[in-house]
Amino acid sequence: MNQNEFMLLVNPFKDKLFRVAKRLLVSTEEAEDATQEVLVKLWNRNQTLNEYKSVEAVAMTMTKNFCLDQLKSKRASTMKIVHNNFTDSQASLQQKVEDRDSWNWVEKIMNDLPEQQKLIVQMRDIEEMEFEEMSVVLDMNEQAIRTALSRARKIIREKMINTHLYGIR
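Because the structure is predicted, anything quoted here is derived from the model rather than measured. (Residues numbered from 1 in each chain as written. Predicted model: local features only at pLDDT ≥ 70, side-chain atom pairs only at ≥ 80, totals over all residues. Heavy atoms only, no water.)

## Details of helix H5 (residues 115–126)
- A rise of 1.5 Å per residue sets the reference length of H5, with its 12 residues, at 16 Å; its end C-alpha atoms lie 16 Å apart and thus fit the reference within 8%.
- For H5, the full list of buried residues reads Gln117, Lys118, Leu119, Ile120, Val121, Gln122 and Met123.
- Buried residues along H5 sit against helix H1 (3–25), helix H3 (55–73), helix H4 (93–111), helix H6 (131–138) and helix H7 (142–164).
- One or two steps after H5, the chain reaches glutamate 128, where phi turns positive at roughly 60°. (Helix = DSSP H or I, 4+ residues; strand = E, 2+ residues; numbered from the N terminus. Expected span 1.5 Å × (residues − 1). Buried < 20%, exposed > 50% of the residue type's maximum accessible area, 1.4 Å probe, protein only. Contact = heavy atoms within 4.5 Å.)

In structure tokens form, the structure reads like this:
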């Protein structure tokens, strides 16, 4: 595989790799380094990439593992999830402020979730990955992923209701 073919293969998902790395590592610089490291590793395997059913799933797994290794080596105790693309560009200023406030609360709640649930919510609700793809990346069966996602969403929903009195009873 030549360089052009490789770029055509990885371009559709390289930004997704960066977003996952950014979620896990928080630092933009560390996320860029992690993404670059994964792309270099993929390039070193470029002759065997066609053997994989989904190169994207392999790359996502490599990114997740690389980031988790980085976090372990730094002995990080917590991870912060950051999301800057939440508000609609057509929304009013008041709506933007309310959206940002709500997202900040969801972010705080997500920070308290177990690591596995945090990753599952990130992959499904933010990255919009399919359960089958998540199953490959996380090395879990789909039903376990669905259960963990359901539990995480329930925790988020209940804490948002308690915090904001949403859906006033």
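## Considering H6
- For H6, a buried count of six out of eight residues is recorded, marking the element as mostly surrounded by other parts of the structure.
- Three or more residues of H6 are buried, namely Phe131, Glu133, Met134, Ser135, Val137 and Leu138.
- Packing partners of the buried residues in H6 comprise H3, H5 and H7.
- At the exit of H6 stands aspartate 139, carrying a positive phi of roughly 55°.

## Focus: the packing of H4 against H7
- Direction vectors running N to C along H4 and H7 enclose 125°, while the axes themselves pass 10 Å from each other. It follows from the interaxial angle that H4 and H7 lie oblique. In the crossing of H4 with H7, the sense of the turn from one axis to the other is right-handed. Contacts from Asp101, Ser102, Trp105, Val106, Ile109 and Met110 in H4 reach Ile155, Ile156, Lys159, Met160, Thr163 and His164 in H7.
- Each residue belonging to the contact of H4 with H7 can be placed in one class, and the counts come to seven nonpolar, three polar and two charged. (Axes fitted to C-alpha atoms, helices over the stretch in contact; angles between N-to-C directions. Parallel < 35°, antiparallel > 145°, perpendicular 65-115°, else oblique. Left-handed = near helix turned anticlockwise from the far one by under 90°. Nonpolar A, V, L, I, M, F, W, Y, C, P; charged D, E, K, R; others polar.)

## Some words on the packing of H5 against H6
- Two elements in contact, H5 and H6, have axes whose closest approach is 10 Å; the angle formed by their N-to-C orientations is 145°. H6 is crossed by H5, and the crossing has right-handed handedness. Between H5 and H6, the contacting residues are Leu119, Ile120, Met123 and Arg124 on the first element and Phe131, Met134, Val137 and Leu138 on the second.
- Of the residues belonging to the contact of H5 with H6, the class tally is seven nonpolar, no polar and one charged.

## Observations concerning the pattern of salt bridges
- The full count for this structure, using the stated rule, is seven salt bridges.
- Close ionic contact of lysine 118 with glutamate 115 constitutes a salt bridge, the shortest N to O distance being 3.5 Å. Of this pair, lysine 118 and glutamate 115 are both found in helix H5, three residues apart, which corresponds to roughly one turn of the helix.
- Under the relative-accessibility criterion, glutamate 115 is labelled partly exposed at 35%.
- One salt bridge connects glutamate 130 with arginine 124, and the closest N-O pair in it is separated by 4.0 Å.
- For glutamate 130, a relative accessible area of 51% puts it in the exposed group. (Salt bridge = Lys/Arg side-chain N within 4 Å of Asp/Glu carboxyl O.)

## Regarding unusual backbone geometry
- A positive phi is found at valine 26, a non-glycine position, where the angle reads about 70°.
- By secondary structure assignment, the location of valine 26 is in the loop between H1 and helix H2 (28–44).
- Note on valine 26: relative accessible area 28%, which makes it partly exposed.
- One non-glycine residue with positive phi stands out, namely aspartate 139, at about 55°.
- With respect to the element layout, aspartate 139 can be found in the loop between H6 and H7.

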